[in-house]
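# Summary of structural features
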Amino acid sequence: MAAVKRDPVIRVTAMPADTNAYGDIFGGWLLSLMDSGAGLLAARHSRGRAVTIALDGMKFHLPVKVGDEVSVYAEMKRVGRSSMSIGIEAWRRHRTEDEEVKVTEATFTFVAIDDAGRPRPIDQESEQE
Ligand SMILES: CC(C)(COP(=O)(O)OP(=O)(O)OC[C@H]1O[C@@H](n2cnc3c(N)ncnc32)[C@H](O)[C@@H]1OP(=O)(O)O)[C@@H](O)C(=O)NCCC(=O)NCCS
């Protein structure tokens, strides 16, 4: 995924409230951002409610520091009957520098659901990405 050439689905500044006991950014905060970013793409693609059913291949390559800009990039990898496999990467940029560095990646699987919470078919004709 050529993240630097794509628009992020989420971009935020890592803040002191997001740190772990050691002063670095808490992995759970990053994971939450990635889940939210994948959720945005899943909802848009399926034109409705979609929920996380699985998370695979999560890897934290590097720490994130307070004040870093964090960008989340999402890429639709596969669309099934009701499920979507979405590649997610999080990149950090020191707030005074230009270079972006990949810090985490994972594949999220979302399922489109109806009002009753049951899987619903995704309209293959209206795929957005
Ligand atoms: C999403 C949910 C409604 C799916 O119900 P289900 O009975 O498991 O659905 P199915 O077995 O029919 O599978 C639905 C789709 O998910 C896929 N799927 C099921 N388990 C999967 C897994 N572990 N990994 C990847 N895909 C999976 C199936 O292959 C199927 O895909 P397809 O329709 O594209 O062929 C149900 O599992 C659920 O409500 N889970 C909780 C979701 C949630 O609350 N997430 C937030 C967590 S806080």
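Residues numbered from 1 in each chain as written. Predicted model: local features only at pLDDT ≥ 70, side-chain atom pairs only at ≥ 80, totals over all residues. Heavy atoms only, no water.

To keep things clear, this is the line we draw: UniProt positions are given in the numbering used here, feature names are shortened, and annotations may be inferred rather than shown by experiment.
The chain goes by Acyl-CoA thioesterase YciA in an unreviewed UniProt entry, where it is assigned to Novosphingobium chloroacetimidivorans. The UniProt entry for the chain carries this comment under Sequence similarities (unreviewed entry): "Belongs to the acyl coenzyme A hydrolase family."

## Some remarks on the sheet that holds strand S5 (residues 100-112)
Defined as follows: Following DSSP output, two strands are said to pair if at least two bridges run between them. Runs of E in the DSSP output that reach at least two residues are strands. Runs of H or I that reach at least four are helices, and both are numbered from the N terminus. To get an axis, a line is fitted to the C-alpha atoms, and for a helix only the part in contact is used. The angle between two axes follows their N-to-C directions and goes from 0 to 180 degrees. In this analysis, two residues are considered to be in contact whenever any of their non-hydrogen atoms come within 4.5 Å of each other.
Pairing is antiparallel in the open sheet, where 5 strands are placed in the order S1-S3-S4-S5-S2. Sheet topology places strand S1 (10-13) and strand S2 (50-60) at the edges, where each strand pairs with a single neighbour. The average undirected angle you get between the axes of adjacent strands in this sheet is 25 degrees. Direction of pairing for S1 relative to strand S3 (residues 69-79): antiparallel, over a ladder of 4 bridges. By the bridge assignment for S3, Val12 is matched with Val70. The strands that helix H1 (residues 27-46) touches are S1, S2, S3, strand S4 (83-93) and S5; relative to S5, the one it contacts most, it runs at about 50 degrees.

## What to know about the nonpolar core
In globular proteins that are soluble, nonpolar side chains generally tend to be buried together. Our working rule: Throughout, nonpolar core names a set of buried Ala, Val, Leu, Ile, Met, Phe, Trp, Tyr and Cys residues whose side chains join them through atoms within 4.5 Å. For every residue, the accessible area obtained with a 1.4 Å probe (protein chains only) is divided by the maximum for its type, and the residue is called buried under 20%, exposed over 50%, and partly exposed between those limits.
Core analysis: the biggest nonpolar cluster contains 26 residues, and Leu30, Met84, Ile86, Ile88 and Phe110 have the highest contact counts within it. When residues in this core are grouped by element, the largest group, 7 residues, is from H1.

## Observations concerning the pattern of salt bridges
What counts, and what does not: Each reported salt bridge corresponds to a side-chain nitrogen of Lys or Arg within 4 Å of a carboxyl oxygen of Asp or Glu.
Inspection of every chain in the model, using the stated rule, returns 8 salt bridges. Of the charged contacts in the structure, one is a salt bridge between Asp114 and Arg118, with a shortest N-O distance of 3.7 Å. Residue classification places Asp114 among the partly exposed residues on the basis of a relative accessible area of 22%. The structure contains a network of salt bridges with shared partners spanning Arg11, Glu69, Arg93 and Glu100.

## Re the side chain of Glu69
With respect to the element layout, Glu69 can be found in strand S3. Excluding residues within four positions of it along the chain, Glu69 makes contact with Arg11, Val12, Trp91, Arg92, Arg93 and Glu100.

## Some details on the environment of Ile113
Note on placement: Ile113 falls in the segment after S5. Of the residues examined, Ile113 reaches a relative accessible area of 7% and is grouped as buried. For the pair Ile113 and Ser46, spaced 67 residues apart in the sequence, the C-alpha separation amounts to 9.3 Å.

## Concerning the pairing of S4
With 10 of 11 residues buried, S4 is to be regarded as a mostly interior element. Bridge count between S3 and S4: 10 bridges; the pairing is antiparallel. Counterpart to Glu69 in the pairing with S4 is Arg93. As consecutive antiparallel partners, S3 and S4 are separated by 3 residues. The pairing of S4 with S5 spans 11 bridges and is antiparallel. When the bridges of S5 are listed, Met84 appears paired with Phe110.

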